[in-house]
Amino acid sequence: MPQSVLCLITLLAVTSPVSSHADAAEAVERFLSAWNSGDMVRLRGEVRYPFMSLMGPGAMHVAERPEEFVVDFESMRRDNGWVRSELEPQAYPVVSESQVHVVCRWARVNSDGETYREGRVYYVVHGRESNPAIVFRMPLVSSEINVESAAAVRETIDALLSTWNAADNPGMAELMRFPHAFLLPGGSVRIAHEPAELATDFDALRENEGWDHSKFHDLDIVYADRNHAIAHVTFTRHTADGAAYNSVPAVYILSKTADAGRWGFVVRAVLGSVEGAG
């Protein structure tokens, strides 16, 4: 029997101080309060930029500046009688020094007090040490792992490792979706709009670190629907004699293209001290 995605995510929660969860929950609560005010100026002040939304198949929407983040509250009121929304944090699958990932139940309520739409959403709260705020959101539309999608995602992740170890920048670019987000330790976010912005200097990696190859460990696809997936993985860098010298956990968020149906990486969140894919 397939396990529920919520159970899978909950079991992967990282042990951390309660304040980490509290900080993320507070950021979600501030976002909800601003959302329910229907005031775009206030709402724009409760997210971190660039603000990313992966709402359907294909490309991720990136609001580089506050004015690019738009919610049509008037249509919600007119079409559905919306008066308020609810957000309830249910799990904290990832907690690091600068990122907290949160799974929330959401609901929209009309003027009769009836819930007319509900579901779950995945948020990434970034910058925990300094004014944490939501930087990424994605709806979780499935309650079970899509086995076909999970198999395709695993193949895509394996392909990333193969192209990385072959020092094949063009090959890696074929596996990326643009715009592409790189969430780095320390709270910074890099947005790449074209392959050249993601190219790795493998010669420098060999010279400066003695890198020879990388390996993935503990790969777990914790969410997969028809169009989106989330994977937890630990990558380790090795020297030519096989010695491991750096091991870093990461979260990969993948999306399937709307046209060709190919899977690719949309967000790579590195939770340790090393930049790069492997």
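In what follows, the structure referred to is the one given above.
Model, not experiment: these values are computed from the prediction.

Student: Honestly, the overall build of the chain in this entry has me stumped. Any pointers?
Tutor: When you go through the chain residue by residue, the secondary structure sums to 7 helices and 12 strands. For the chain, the exposed surface amounts to about 12,600 Å²; the carbon and sulfur share of it is 49%.

Student: Teacher, can you tell me more about the sheet that holds strand E10 (residues 228–238) here?
Tutor: Adjacent strands of a sheet pair through backbone hydrogen bonds, lying either parallel or antiparallel. If you trace the 6 strands from one edge of the open sheet to the other, you get E8-E7-E12-E11-E10-E9, paired in mixed fashion. The strands lining the two open edges of the sheet, one partner per strand, are strand E8 (189–192) and strand E9 (213–224). Averaged over all neighbouring strand pairs, the angle between strand axes comes to 20°, with direction disregarded. Where E9 and E10 come together, 9 bridges link them in antiparallel fashion. Its bridge partner being in E10, alanine 224 is matched across the sheet by alanine 229. Here helix H5 (residues 147–165) sits on the sheet and contacts strand E7 (176–183), E9, E10, strand E11 (244–256) and strand E12 (263–270); the angle it forms with E9, its principal contact strand, is near 160°.

Student: Would you take a moment to explain the nonpolar core for this structure?
Tutor: Nonpolar side chains in soluble globular proteins tend to be buried together. Core analysis: the largest hydrophobic core is formed by 31 residues, its most contacted members being Val153, Leu160, Phe216, Phe235, Tyr252 and Phe265. At the level of secondary structure, the elements contributing two or more residues to this core comprise H5, E7, helix H7 (202–209), E9, E10, E11 and E12. The element contributing the most residues to this core is H5, with 6 residues. Beyond its immediate sequence surroundings of up to four residues, phenylalanine 265 is in contact with Thr156, Ile157, Leu160, Leu175, Met176, Arg177, His180, Tyr252, Ile253 and Leu254. One finds Phe31, Trp35, Val71 and Cys104 within the second-largest nonpolar core, a separate group that totals 27 residues.

Rules behind the numbers
Residues numbered from 1 in each chain as written. Predicted model: local features only at pLDDT ≥ 70, side-chain atom pairs only at ≥ 80, totals over all residues. Heavy atoms only, no water. Helix = DSSP H or I, 4+ residues; strand = E, 2+ residues; numbered from the N terminus. Areas by Shrake-Rupley, 256 points an atom, 1.4 Å probe, with all protein chains shown as cover. Pairing = 2+ DSSP bridges. Axes fitted to C-alpha atoms, helices over the stretch in contact; angles between N-to-C directions. Contact = heavy atoms within 4.5 Å. Core = buried A, V, L, I, M, F, W, Y, C linked by side-chain atoms within 4.5 Å. Buried < 20%, exposed > 50% of the residue type's maximum accessible area, 1.4 Å probe, protein only.

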